[in-house]
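# Coordinate inspection notes
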Amino acid sequence: MDGYIVIGIGRFGRSVARTLYENNKTVLAIDMNEEIIQKIIDEEIVAEAIVMDTTDENALKKVADCNDFGTAFVCMGTDIQSSILTTMSLKELGIRRVICKARTDRQGEILKRIGADLVVYPEREMGESLAKKIINPYITEHFRFSEKFSIFEFEAPKKFVGKNLKELDLRNRYEMNIISIRKENEKLEINPKADTVIEEKSILLVMADSKKSKELWK
């Protein structure tokens, strides 16, 4: 069961479907709008796409029964009623993992209650990511690992340069663990040792306490 269903081909759903397909995954794109489906086929975003109202449980069942799908993305964030009905049907049909898009916390709570395995808030997360990059221009990538911890990548600040990891004591000061260091010559060091010296323009990939790590930029 390694196939993927992507339901709702707006900006977010299109991006999900394209990324899965580009990574050689089996993807079925579904939308009620015939023009949208024709467009993603013409542009070769995916190989398979159909027009369907996924709130019709019988129609959805025919698709699920004939294919080997283990994960479904429900990307209809603006139509909460359709998202709810579709999510319920997918879980009843035995889809192992259902990932839903939501716009508000309330929508997310409802979707989780009726069976969604994961709820994502792409607009909120995009806004947060952009704001963090503006506030901390050193940060190049950011990923929330859990409610408490984040993984992010940043250029070593000047106060790090010339010091080794033991001297910096990042784990105790910021609850920060360095996963890897990429130096200016593109040499990558994974799980660096305590005596590793930080060089100018080094890029650090770290896991850190989201709140505690903010002190680093003060």
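Provided above is the structure to which this section pertains.
Okay, so let's go over this structure. Quick caveat: nothing in here was measured; it's all calculated off a predicted structure.

Both faces of the sheet carry side chains from a regular strand, because those side chains alternate between them. Counting buried positions over the five residues of strand β1 (residues 3-7) gives five, a clear majority of the element. Neither face of β1 is left uncovered, since the one carrying G3, I5 and I7 and the one carrying Y4 and V6 both have all their residues buried. Sheet topology note: the β1/strand β2 (residues 27-31) ladder contains four bridges and is parallel. Bridging across to β2, V6 finds its partner in A29. You can see the chain leave β1, run along helix α1 (residues 11-22) and come back into β2, and the turn it takes is right-handed.

Mapped onto the fold, E109 is located in helix α5 (residues 105-113). Judged by relative accessible area, E109 falls into the partly exposed class, the value being 39%. Along the chain, E109 and V119 lie ten residues apart, while their C-alpha atoms are 8.6 Å from each other.

Before going further, it helps to examine α1. The first and last C-alpha atoms of α1 sit 16 Å apart over twelve residues, in line with the 16 Å expected at 1.5 Å per residue. Among all positions in α1, only G13, V16, A17 and L20 are buried. One side of α1 carries all its buried residues, which in axial view fall inside an arc of 95 degrees. For α1, the exposed residues lying more than 90 degrees away from the buried face are R11 and E22. In this fold, the buried residues of α1 make contact with β1, β2 and β4 (69-74). Two residues or fewer past α1, N24 is found with a positive phi of approximately 65 degrees.

Bringing the sheet that holds β2 into the picture now. Here six strands make up an open sheet; going across it, the order is β3-β2-β1-β4-β5-β6 and the pairing parallel. The outermost strands of the open sheet, each flanked by one partner alone, are β3 (48-51) and β6 (118-120). Taking the axes of each pair of neighbouring strands and ignoring which way they run, one obtains an average angle of 20 degrees across the sheet. Pairing analysis gives four bridges linking β2 to β3, with the strands arranged parallel. Following the sheet pairing, L28 is matched in β3 by E48. Packed onto the sheet, helix α4 (residues 80-92) meets β1, β4 and β5 (97-101) and runs at close to 170 degrees relative to β4.

Before going further, it helps to examine the pattern of salt bridges. Counted by the stated rule, this structure contains five salt bridges. One salt bridge connects D117 with K91, and the closest N-O pair in it is separated by 2.9 Å. A residue pair is termed long-range when its members are at least 10 positions apart, and D117 in the loop between α5 and β6 and K91 in helix α4 qualify at 26 residues. Measuring nitrogen to oxygen at the nearest pair gives 3.8 Å for the salt bridge that ties R182 to E153. With R182 in strand β9 (residues 176-182) and E153 in strand β8 (residues 149-155), this pair connects stretches of sequence that are 29 residues apart. For E153, a relative accessible area of 18% puts it in the buried group.

Positive phi, close to 55 degrees, is recorded for E44, a residue that is not glycine. Note that E44 resides in the loop between α2 (34-42) and β3. Phi at D169 is positive, roughly 50 degrees, even though this residue is not glycine. Mapped onto the elements, D169 comes out in the loop between α7 (165-168) and α8 (170-174).

Thresholds, definitions, all that
Counting starts from 1 at the beginning of each chain's written sequence and moves along it residue by residue. At least 70 in pLDDT is required for a residue's local features to be given in this predicted model, at least 80 for side-chain atom pairs to be given and counted, and no such filter applies to totals for whole chains, interfaces and linings, which use all residues. Neither water nor hydrogens contribute to the side-chain values; these are computed over all heavy atoms in the structure. Burial classes follow relative accessibility: with a 1.4 Å probe on protein chains only, a residue under 20% of its type's maximum area counts as buried, one over 50% as exposed, and anything between as partly exposed. Going along the chain from the N terminus, every DSSP run of H or I of four or more residues is numbered as a helix, and every run of E of two or more is numbered as a strand. Strands pair, by our definition, only if DSSP identifies at least two bridges between them. Here, the term right-handed applies to a crossover whose path from the first strand over the helix to the second runs clockwise when the strands point away from the viewer. A helix is expected to reach a length of 1.5 Å times the quantity of its residues less one. Regarding the arc, it is the one traced by the directions from the helix axis to the C-beta atoms. We call two residues contacting when some pair of their heavy atoms lies within 4.5 Å. All axes here are fitted lines through C-alpha atoms, helices being fitted over the stretch that makes contact, and every angle between N-to-C directions spans 0 to 180 degrees. By convention in these notes, a salt bridge is any Lys or Arg side-chain nitrogen within 4 Å of a carboxyl oxygen on Asp or Glu.

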